[in-house]
Amino acid sequence: MRIASFSRKIISVILIAFLSSVERLFSAEEIDVLVMDISIDYSNDPFYSKLWFWIIIAAVLFFFLVLLIRGGRKKTEQAAETTEE
């Protein structure tokens, strides 16, 4: 039983090694080597470095903070009123 299991493992390892080497030899596509210039031009300031952008972001986050803080008050007040009745 152990010999059959061991031989199946050996055969599967050899088969996987063979198939992985064949895949490299017969690839479906060929990649051309391209020289890419990825230099970034920082002469124009991006919008996220402007003051107006950060003011808008701060206002939106403050609005969400107020909603988060005040969101639970209405439910607790309504629950307290229903339990008193």
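Residues numbered from 1 in each chain as written. Predicted model: local features only at pLDDT ≥ 70, side-chain atom pairs only at ≥ 80, totals over all residues. Heavy atoms only, no water.

1. A look at the overall build of the protein chain
Looking only at helices and strands, the protein chain has three helices and zero strands in total. Its helices and strands taken in sequence order, the protein chain reads α-α-α from the N to the C terminus. A burial count over the protein chain gives 1% of its 85 residues as buried. Of the roughly 9,100 Å² that the protein chain leaves accessible, carbon and sulfur atoms contribute 67%. (Helix = DSSP H or I, 4+ residues; strand = E, 2+ residues; numbered from the N terminus. Buried < 20%, exposed > 50% of the residue type's maximum accessible area, 1.4 Å probe, protein only. Areas by Shrake-Rupley, 256 points an atom, 1.4 Å probe, with all protein chains shown as cover.)

2. Regarding the packing of aromatic side chains
Counted according to the given criterion, the structure contains five aromatic pairs. Plain terms: the ring middles of F47 and Y48 are 5.6 Å apart, the flat faces sit at 80° to each other, and that makes the pair edge-to-face. Here Y48 falls in the partly exposed class, since its relative accessible area comes to 46%. Relative to F53, the ring of F47 has its centre 5.1 Å away and its plane inclined at 85°; by these criteria the two rings are edge-to-face. F53 sits in the buried class, given a relative accessible area of 19%. Grouping aromatic residues by their ring pairs yields a cluster made of F47, Y48, W52, F53 and W54. (Phe/Tyr/Trp six-rings, centres within 6.5 Å; stacked < 30°, edge-to-face > 60°.)

3. Examining the confidence of the model for the protein chain
Averaged over all residues, the pLDDT of the protein chain equals 77, while 69% of them reach at least 70. When pLDDT is averaged over each helix and strand of the protein chain, the minimum, 67, is found for helix α3 (residues 73-84) and the maximum, 95, for helix α2 (residues 51-70). (pLDDT = per-residue confidence, 0-100.)

4. Re a nonpolar patch on the surface
A surface patch of nonpolar side chains, about 1,200 Å² in accessible area, is lined by F47, Y48, W52, W54, I56, I57, V60, L61, F63, F64 and L67. In this fold, F63 is placed in helix α2. (Patch = residues over 30% accessible without salt bridge, like charges linked within 9 Å, V, L, I, M, F, W, Y side chains within 5 Å. Salt bridge = Lys/Arg side-chain N within 4 Å of Asp/Glu carboxyl O.)

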